[in-house]
Protein chains: 2
Amino acid sequence: MARWQPGAAERMRGAALDLFVERGYDATTAADIAAAAGLTERTFYRHFADKREVLFWGSEEFEASFTDPIDALSPDVGAMGAVVAAVVGGAGRFTPERREFASLRAGVVDATPPLRERERDKMARLATVIADRLVARGVPATDAQLAAHSGVTVFTTAFARWVAGDARSPEALCADLFDDLARLTDQLKSSTETV
Amino acid sequence: MARWQPGAAERMRGAALDLFVERGYDATTAADIAAAAGLTERTFYRHFADKREVLFWGSEEFEASFTDPIDALSPDVGAMGAVVAAVVGGAGRFTPERREFASLRAGVVDATPPLRERERDKMARLATVIADRLVARGVPATDAQLAAHSGVTVFTTAFARWVAGDARSPEALCADLFDDLARLTDQLKSSTETV
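With an unreviewed UniProt entry as reference, chain A is termed Transcriptional regulator, TetR family, source organism Williamsia serinedens.

This is the structure we're talking about:
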């Protein structure tokens, strides 16, 4: 029974999302997910620690899609330039055919506290790995943290709009939101002087 | 036994922190915390849903220290100006005599996954309540979200440095970090053009 199951993780992820939407997260077990994917519970636990992890399958590739573009940059690109490259790279994963799945997934995650906490953990880790890459490029730790968190805020805001049906691509949404952020933080030059 | 216990919540918070530091979070029960504070388990559950909540006592006042300064601003102050006022107001709660408790608490929270998740939840809520106040002032929702999250990033970064022993006050750290953020996001004007 230890045979390699091609696409087993993807199938269980799809089955889990369907079950979470239909029955709810609490009423769905790991055995239900495995059965719906035509697999055994043992195969489930070969891939995932528990049912909460199923919708977070592929996190390493997700993070790499942000960090690989940073590694490809010339050393003279500044902290925010690197963050823009990371976020636009990460956003590029989310092609139009992925929107339906992403949108259903976001609905379930937002409505389910343990999944919402896990999603926040995923985004906090993303900020940490981006900040670590910036530090490796010589960016001071505080700048790296501020820049990385700003980038993750832009990404999560863009992603929320994309799954809600915004016609722009995730990359275009991110570019627009970086412009919005630049416009907003421009106000800091006057406001911090008056406080 | 239903008598009002003056300062019961503060006492249990202090006792919980001591026990979490000495024995660890997992090895400490609600009954242990109540006993260490000279109170009954029943009194514990009158104040807190579970032991995780003890270190999050006072969250409403914490949030109000950020939102009250926004409510006091004249209507012409922009989104980032309001966020600066909120964050500097919130930072103002953390006077020098609170640093020892805050520092011990931060150590326990960082080392304890369920507390770390709850802390992230607290900061995500803070961003939401700040964004809601901005929207109430007429700030568009996306600007409100970007500005509020930027402010919370500045606050959490400043707070981490303060508990780690930085000599500046939390307000001064926040002001410096807003300057850092303005300098970093200034790079967006050139970097987004080149992507």
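Caption draft 1: Quick peek at the overall build of chain A. What chain A contains, in helices and strands, is 10 helices and 0 strands. Moving toward the C terminus, one meets the helices and strands of chain A in the order α-α-α-α-α-α-α-α-α-α. Along the first, second and third principal axes, the C-alpha set of chain A runs to 60 × 30 × 30 Å. With 195 residues in all, chain A has 49% of them scored as buried.

Caption draft 2: Molecular detail of the UniProt feature "DNA-binding region" (unreviewed entry) in chain A. Mapped onto this structure's residue numbering, the UniProt feature "DNA-binding region" (unreviewed entry) falls at residues 29-48 of chain A. Between the end C-alpha atoms of residues 29-48 of chain A there is a gap of 13 Å, over a span that is 70% helix and 0% strand.

Caption draft 3: Summary view of the nonpolar core. Counting residues in hydrophobic clusters, the biggest one holds 82 residues, and the most contacted among them are Ile130(A), Phe155(A), Ile130(B) and Phe155(B). Aside from chain neighbours lying at most four places away, what touches Phe155(A) is Phe62(A), Phe66(A), Val87(A), Gly90(A), Ala91(A), Phe94(A), Met123(A) and Cys174(A).

Caption draft 4: Here's a closer look at the relation of the copies chain B and chain A. Of the two same-sequence chains, chain B is brought onto chain A (RMSD 0.0 Å, axial shift 0.0 Å) by a rotation of 180 degrees. The superposition of one copy onto the other is thereby described by a two-fold rotation axis. A symmetric contact is evident, with 100% of the interface residues of chain B recurring at the interface of chain A.

Caption draft 5: Just the pattern of salt bridges, in detail. Per the stated rule, a full pass over the model turns up 30 salt bridges over all chains. Here Lys189(B) and Asp186(A) are joined by a salt bridge, their closest N and O atoms 2.6 Å apart. Taken together, the residues span two chains, with Lys189(B) in helix α10 (residues 188-194) and Asp186(A) in helix α9 (residues 170-186). Its relative accessible area of 37% is what places Lys189(B) among the partly exposed residues. The exposure class assigned to Asp186(A) is partly exposed, which follows from its relative accessible area of 35%. The residue Arg133(B) makes a salt bridge to Asp71(B) at a minimum N-O spacing of 2.4 Å. A residue pair is termed long-range when its members are at least 10 positions apart, and Arg133(B) in helix α7 (residues 113-136) and Asp71(B) in helix α4 (residues 59-71) qualify at 62 residues.

Caption draft 6: Region of the structure containing the domain arrangement of chain A. All names here are of chain A. Domain assignment breaks chain A into domain 1 (8-54) and domain 2 (58-186). On a C-alpha basis, the centres of domain 1 and domain 2 stand 27 Å from each other. Counting from both sides, the interface comprises 8 residues of domain 1 and, opposite them, 9 residues of domain 2. Summed over both sides, the interface of domain 1 with domain 2 buries roughly 860 Å², with 75% coming from carbon and sulfur. The largest per-residue losses of area from domain 1 upon contact with domain 2 belong to Leu-17, Tyr-25 and Arg-52, which jointly make up 61% of the total buried on that side. Between the two partners, domain 1 and domain 2, sit 1 salt bridge. A salt bridge links Glu-53 to Arg-118; the shortest N-O distance between them is 2.9 Å. A per-class count over the side of domain 1 that touches domain 2 returns 4 nonpolar, 1 polar and 3 charged.

Caption draft 7: Fine view of the interface of chain B and chain A. Counting from both sides, the interface comprises 38 residues of chain B and, opposite them, 38 residues of chain A. Summed over both sides, the interface of chain B with chain A buries roughly 3,300 Å², with 64% coming from carbon and sulfur. The largest contributions to the chain B side of the interface with chain A come from Leu146(B), Leu184(B) and Leu188(B), which together make up 17% of the buried area. Here chain B is connected to chain A by 8 salt bridges. Inspection of the region where chain B meets chain A yields 15 residue pairs in polar contact (both at pLDDT 80 or more).

Thresholds, definitions, all that
Residues numbered from 1 in each chain as written. Chains lettered and ligands numbered in written order. Predicted model: local features only at pLDDT ≥ 70, side-chain atom pairs only at ≥ 80, totals over all residues. Heavy atoms only, no water. Helix = DSSP H or I, 4+ residues; strand = E, 2+ residues; numbered from the N terminus. Buried < 20%, exposed > 50% of the residue type's maximum accessible area, 1.4 Å probe, protein only. UniProt positions renumbered as here; feature names shortened; annotations may be inferred. Core = buried A, V, L, I, M, F, W, Y, C linked by side-chain atoms within 4.5 Å. Contact = heavy atoms within 4.5 Å. Least-squares fit on C-alpha atoms with pLDDT ≥ 70 in both. Salt bridge = Lys/Arg side-chain N within 4 Å of Asp/Glu carboxyl O. Domains from an automatic or database assignment. Buried area = accessible area lost by both parts, 1.4 Å probe. Nonpolar A, V, L, I, M, F, W, Y, C, P; charged D, E, K, R; others polar. Polar contact = N/O pair within 3.5 Å; in protein donor to acceptor, adjacent residues only side chain to side chain.

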